[in-house]
Every structure is written in C-alpha cells, then in structure tokens.
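Listed here are the chains, written in short residue letters.
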Amino acid sequence: MKLYISLIISLSVSVFCRSQDTKVSVLTPGYEQRIRDFIDTSEVIDTHEHLLSPEILERTTFLDFSLLLEQNSYDGLIASGMSESMIRKLYFEPTTVSEKWKIIEPYWNKSFNTASNRILLLAIKDLYGINELNGSTVESLSAKIKKAYSGEWFNHVLKDLCRIDYLIEDGDNVGAKYDYFRYAKRFSPWLSVNTKFRIDSLAVMQVEPIYTLEDYVKSMRIVFEDALEKGMVVVKVNAAYKRTLSFEKVTTENARKVFRTLINGNEDLVISAKDAKPLQDYMMFQLLELAKQHKIPVAFHTGIQAGGVNIIGNSDPTLLTNLFYEYPDVNFVLFHGSYPFGGELTTLVRNFQNVYIDMNWTYSISPTYARRYLNEWLEAVPASKIMAFGGDQRCVENTYGNLLIAKQVISDVLIEKVKTGYLSESEAIKIARMILYDNAAKFYNLKQVE
Ligand SMILES: [Zn+2]
C-alpha cells in the first residue's frame with residue numbers, strides 16, 4: 001500500500017513537472033511577423049455593414065468622392081460645424097463634384113484627423129492610388145470611383161481584397177444577388193411606435209387590418225417569420241437613437257391602453273415618448289419571445305449614436321440588464337464595443353452567459369479605444385465572446401480601410417500579449433482565428449466550425 005501511494009505521488013510529481021515544462025513559453029524569433037501574416041491573410045466574417053450596392057448607387061447623386069464621406073466621416077463634418085442644409089445639398093440634390101468639394105473643404109480641413117477620415121485616406125491610397133483628398137484630386141477620384149463601380153468592384157473588394165467569407169448587412173436592401181450576405185432585421189415599426197399612422201401603414205402593407213393589440217403583435221410575427229426565410233440571422237435593435245434602452249415589463253392591460261389611445265385617435269395623432277413607452281416596452285418583450293422561440297440572437301446598438309445631436313445616456317448597455325436576466329435563452333450581442341461604456345460592457349459579458357461583444361464600428365470611432373478594450377477584454381472575458389470585425393460602413397472602400405486598421409489593432413494587441421508572456425504564440429493565433437471568424441460563425445449560426 002505504502003509503495004502504491006509513493007508510486008502515485010512520484011507519478012503525479014512527474015506529470016506535474018512535465019505539464020509545468022510545457023507551459024514555459026519560449027519566444028521563437030519572428031513571432032511578430034508570423035502573427036501579423038496570419039491575421040493579414042485570414043478570411044474574416046464581417047458582422048455589420050450598411051453597404052450600398054452598385055445597383056442602388058447608380059440611382060443616387062453621390063457616386064463620386066462624397067460617397068466615401070457617407071455616414072462616418074460626415075459625423076466629423078457635422079461636429080465641426082457643417083449645417084443640415086449643406087448635407088442635404090451634398091447627398092440629395094444634383095450638385096457637381098467641384099461644388100461638393102467647396103461645401104466640404106472648410107469642414108474637412110477641421111476634421112481630417114478623425115479615424116474615419118484616416119480610414120478614407122488609407123482606402124483611396126490603396127484602391128485608387130490617390131494620396132490626398134483636396135481640390136485637385138476630387139475630380140479624378142470621382143471619375144475612378146464611377147468607372148470602378150461599372151465593373152465587379154463591389155465583390156472584388158469584399159471577396160478578393162478583404163477576404164470576407166460572410167457579411168451581415170443591416171436590412172435586406174442589397175438583395176439576394178450576393179450569396180455571402182446575411183441580414184440583420186430591425187423591428188422599429190413596433191419598437192418605436194408613437195403614431196396611429198405607423199400602425200395603419202403596417203395594416204395597409206400587410207393587407208390585414210390591425211384592430212387589437214393581438215393583431216398588432218401578430219403583424220410583427222408575420223414580418224419576423226418572413227425575415228427568417230429571407231436570411232435574417234440576427235435581430236437588430238437601434239432604439240437607443242430615439243429612446244432609453246430601459247425596457248420595463250409592462251402588463252398586457254397597460255400596453256393595451258396605449259394601443260387603444262393610438263388606434264382610436266385621429267389620423268395624425270402623435271403621442272409623447274413617455275406615453276408611448278409602455279406599448280414600446282411591451283413590444284420589446286414580444287420580440288424577445290420570438291427570438292427565443294426561433295433561436296435568433298438579438299443585437300443592440302449601444303453607446304455613441306451616429307449622425308449628430310443625441311443623448312448618450314439613452315444608450316448605456318447596463319440599462320438592458322433586466323432583459324439579460326429575463327431571457328437567459330436568448331443570446332444578446334452589444335454593438336460598437338458600447339463606446340464609451342467599455343468597462344460596463346466587460347462586466348455585463350462576465351456576469352451573463354448570454355451577453356457578447358461586437359466591436360463593429362469601434363475602429364472608425366477610435367482605434368485607441370478598440371486597442372485598449374480588446375487588450376482588457378482578452379484578460380477579463382472569454383475570447384469566445386468577442387467578435388472583432390464589422391465595418392459599419394456605406395461603401396466597400398471604407399470597409400477595406402476599416403479592416404486594415406482592425407487587423408493592425410488586433411495584431412498589435414496579440415503581439416504585445418505574446419511579448420509579455422501573457423499568451424503563447426499559438427494561443428495568440430488561435431484567438432485571432434476565433435475573434436475574426438469562428439466566434440461570429442457560431443454566434444450568428446452562419447456555418448459549423450470546429
Ligand atoms: Zn450600423
């Protein structure tokens with residue numbers, strides 16, 4: 001017996017020593033370049049875009065250099081003083097390229113430093129061979145853009161240059177033509193309802209009357225099930241643009257009171273945000289029931305809102321805590337790294353099994369924020385809960401520029417972690433694969449991965 005015990009002890013000591021030996025990570029020279037090369041040549045899943053397809057762009061007035069300023073860069077133009085009427089003139093009225101530049105130039109000169117503008121400059125350098133955006137380059141850049149879009153440019157940039165295997169588009173406007181596209185669907189006609197007109201338009205659209213609260217819930221179910229058939233892989237909630245992310249549990253009777261006020265009102269009835277809230281909150285819970293039933297994840301816009309004037313307090317991700325409790329079977333993903341609520345996001349992802357991080361858009365808000373929080377998240381939360389790339393762009397050029405920055409940030413963070421001995425080289429490579437591809441493939445149920 002004694003011999004048996006000492007044999008066990010000596011065996012465990014030798015196993016323990018061996019496992020200790022294998023954990024000593026020796027840095028093999030050249031690891032920085034190997035990590036960068038792996039990331040640079042990786043296929044990726046792009047979890048969030050608002051891309052305008054060539055077919056849509058053909059019909060717009062901005063198939064020129066101003067396309068590149070869409071959405072992200074013009075936040076900087078607005079913040080530096082550009083007026084709404086100028087934006088309208090740029091994007092919705094027939095305006096020549098040189099007239100557009102005259103409008104933009106003073107504001108570009110104030111905001112050229114922003115990350116979204118750096119992304120734009122990286123993109124035009126690589127893709128169109130143009131090094132600066134100014135009065136002498138906008139005409140030739142615009143001509144090159146027009147020419148590029150007449151060919152296979154859209155797919156070439158996304159598939160060949162970015163190596164995007166799947167792309168999740170916000171809305172199904174781009175159409176079924178692109179077989180690697182999947183969709184995020186919004187349910188705003190139900191979640192932000194505050195007019196009778198909204199309900200009546202739904203009834204007209206669906207050719208089915210909406211008289212009762214139950215009819216109204218049914219109308220959302222019909223659209224939800226239709227979206228599933230069209231390739232919806234995630235529900236997207238952008239309520240934080242218009243209201244608080246605090247959704248309270250409301251009784252059916254209280255929701256019905258608001259519904260009745262709307263349905264019995266005049267055609268032009270609009271009720272206040274406060275009065276509409278019980279019905280909107282009720283509909284959120286109904287939507288989560290559908291998500292639960294169909295096993296579809298739910299994405300929330302959290303943090304900074306695009307497009308100027310808004311209330312940041314409305315988008316604090318901790319306001320969603322009761323939903324995470326109430327729906328443990330629904331997987332939630334919080335978009336945009338919750339900028340600037342990165343620390344709050346850490347705690348939510350640690351506290352709830354069903355809460356995940358999506359870093360889409362963060363690189364064009366601030367690569368330093370993305371770097372700082374990716375660094376922290378790799379210490380504080382399971383790597384399996386981080387999705388590290390989504391462009392959140394309107395055009396493929398900016399998706400390309402965004403991906404360059406994302407890959408640089410991810411490489412820098414992982415190299416640093418290997419340098420300090422926090423991760424081994426093989427662990428860093430494994431994490432790169434997880435956060436750029438595998439996690440999104442699993443979370444959005446795009447394909448089976450090991
Ligand atoms: Zn977006």
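Residues numbered from 1 in each chain as written. Predicted model: local features only at pLDDT ≥ 70, side-chain atom pairs only at ≥ 80, totals over all residues. Heavy atoms only, no water.

**Regarding the side chain of lysine 417**
For lysine 417, the position within the fold is in helix α19 (residues 396–419). For lysine 417, a relative accessible area of 4% translates into the label buried. Once you skip the residues sitting within four places of it in the chain, lysine 417 turns out to touch Asn375, Leu378, Glu379, Tyr422 and Leu423. (Helix = DSSP H or I, 4+ residues; strand = E, 2+ residues; numbered from the N terminus. Buried < 20%, exposed > 50% of the residue type's maximum accessible area, 1.4 Å probe, protein only. Contact = heavy atoms within 4.5 Å.)

**Comments concerning the domain arrangement of the protein**
If you check the domain split of the protein, you get domain 1 (54–154) and domain 2 (155–443). At the interface, 23 residues of domain 1 touch 30 residues of domain 2. Linking domain 1 to domain 2 there are two salt bridges. Of the charged contacts, one joins glutamate 55 and lysine 177 as a salt bridge, the two residues approaching to 2.6 Å between their closest N and O atoms. On inspection of domain 1 and its partner domain 2, the count reaches 18 residue pairs in polar contact (both at pLDDT 80 or more). Examining the composition of the side of domain 1 that touches domain 2, we find that nine residues originate from one element, helix α7 (residues 115–128), more than from any other. Of the residues belonging to the side of domain 1 that touches domain 2, the class tally is 15 nonpolar, three polar and five charged. (Domains from an automatic or database assignment. Salt bridge = Lys/Arg side-chain N within 4 Å of Asp/Glu carboxyl O. Polar contact = N/O pair within 3.5 Å; in protein donor to acceptor, adjacent residues only side chain to side chain. Nonpolar A, V, L, I, M, F, W, Y, C, P; charged D, E, K, R; others polar.)

**Quick word on the coordination of the zinc ion**
Protein coordination at the zinc ion comes from His48 (NE2), His50 (NE2) and Asp392 (OD), with a distance range of 2.0 to 2.3 Å. In the primary structure, the donors to the zinc ion are separated according to the pattern H-x1-H-x341-D. Given a relative accessible area of 1%, histidine 48 falls into the buried group. (Donors = N, O, S within 2.8 Å, 3.2 Å for Na, K, Ca; no water.)

**With respect to the environment of arginine 433**
Here arginine 433 is to be found in helix α20 (residues 425–443). With a relative accessible area of 34%, arginine 433 lands in the partly exposed category. The spacing of arginine 433 and isoleucine 39 is 394 residues in sequence and 8.0 Å in space, taken between C-alpha atoms.

**Considerations on the layout of surface pockets**
Each pocket or cavity is described by its volume, and for the largest pocket that value is around 600 Å³. Forming the boundary of the largest pocket are 27 residues, of which His50, Gln71, Asp170, Arg186 and Arg394 lie nearest the centre. Those elements giving two or more residues to the lining of the largest pocket turn out to be α4 (73–79), β2 (164–170) and β3 (181–186). When residues of the lining of the largest pocket are assigned to their parent elements, the largest contribution, three residues, is made by β3. Tallied by class, residues from the lining of the largest pocket come to eight nonpolar, nine polar and ten charged. The residues that make up the lining of the largest pocket include at least three from each of domain 1 (54–154) and domain 2 (155–443). (1 Å grid on protein atoms, 1.4 Å probe; cavity = no way out; pocket = protein on both sides within 12 Å on 5 of 7 lines; lining within 4 Å. Points joined across faces, edges and corners; volume = space filled by probe spheres on them.)

**Quick look at the pairing of strand β4 (residues 232–237)**
Both faces of the sheet carry side chains from a regular strand, because those side chains alternate between them. β4 sits mainly inside the fold: six of its six residues count as buried. Of the strand pairs in this sheet, β3 and β4 are connected by four bridges, and their pairing is parallel. Bridge pairing in β4 places arginine 186 opposite lysine 236. Where β4 and strand β5 (residues 298–300) come together, three bridges link them in parallel fashion. Bridge pairing links valine 237 to phenylalanine 300 in β5. (Pairing = 2+ DSSP bridges.)

**Some points on helix α12 (residues 213–230)**
Here α12 spans 26 Å end to end across 18 residues, near enough to the 26 Å set by a 1.5 Å rise per residue. Among the residues of α12, those classed as buried are Leu213, Tyr216, Val217, Ser219, Met220, Val223, Phe224 and Ala227. Projection of α12 onto a plane perpendicular to its axis shows the buried side chains occupying an angular sector of 150°, all on one side. The elements touched by buried residues of α12 are β3, α10 (188–191), α11 (196–206), β4, α13 (252–263) and α14 (273–294). Where α12 ends, the next residue or the one after it, glycine 231, has phi of about 110°, a positive value. (Expected span 1.5 Å × (residues − 1). Arc of directions from axis to C-beta.)

**Describing unusual backbone geometry**
Of note, the amide linkage connecting tyrosine 339 to proline 340 takes the cis form, showing an omega dihedral of 5°. Among the secondary structure elements, proline 340 is positioned in the loop between β6 (332–334) and α16 (342–351). One non-glycine residue with positive phi stands out, namely arginine 163, at about 55°. For arginine 163, the location among the structural elements is in the loop between α9 (153–161) and β2. Positive phi outside glycine occurs at tryptophan 361, with the angle close to 80°. In this fold, tryptophan 361 is placed in the loop between β7 (355–358) and α17 (362–365).

**Comments concerning the pairing of β3**
Inspection of the sheet shows β2 paired to β3 by four bridges, in the parallel sense. For leucine 167, the partnering residue across the bridge sits in β3 and is phenylalanine 181.

**Considerations on the packing of α7 against α19**
Packing of α7 against α19 leaves a shortest axis separation of 8 Å and a crossing angle of 105°. The angle between α7 and α19 places the two elements in the roughly perpendicular class. Residue-level contacts link Ile119, Leu120, Leu122, Ala123, Asp126, Leu127 and Tyr128 of α7 to Glu397, Asn398, Tyr400, Gly401, Asn402, Leu404 and Ile405 of α19. Its residues assigned to classes, the contact of α7 with α19 shows nine nonpolar, three polar and two charged. (Axes fitted to C-alpha atoms, helices over the stretch in contact; angles between N-to-C directions. Parallel < 35°, antiparallel > 145°, perpendicular 65-115°, else oblique.)

**Some remarks on the sheet that holds strand β1 (residues 44–49)**
Spatially, the eight strands line up as an open sheet ordered β1-β2-β3-β4-β5-β6-β7-β8, and their pairing is parallel. Each of the sheet's edge strands pairs with one partner strand only, and the pair in question is β1 and β8 (386–387).

**Quick look at the pattern of salt bridges**
Taken as a whole and judged by the stated rule, the model has 21 salt bridges. Between lysine 218 and glutamate 208 there is a salt bridge, with its nearest N and O atoms 2.6 Å apart. Of this pair, lysine 218 sits in helix α12 while glutamate 208 sits in the loop between α11 and α12, and the two are ten residues apart along the sequence. Take lysine 218: its relative accessible area is 34%, and that puts it in the partly exposed class. The partly exposed category is assigned to glutamate 208, whose relative accessible area is 31%.

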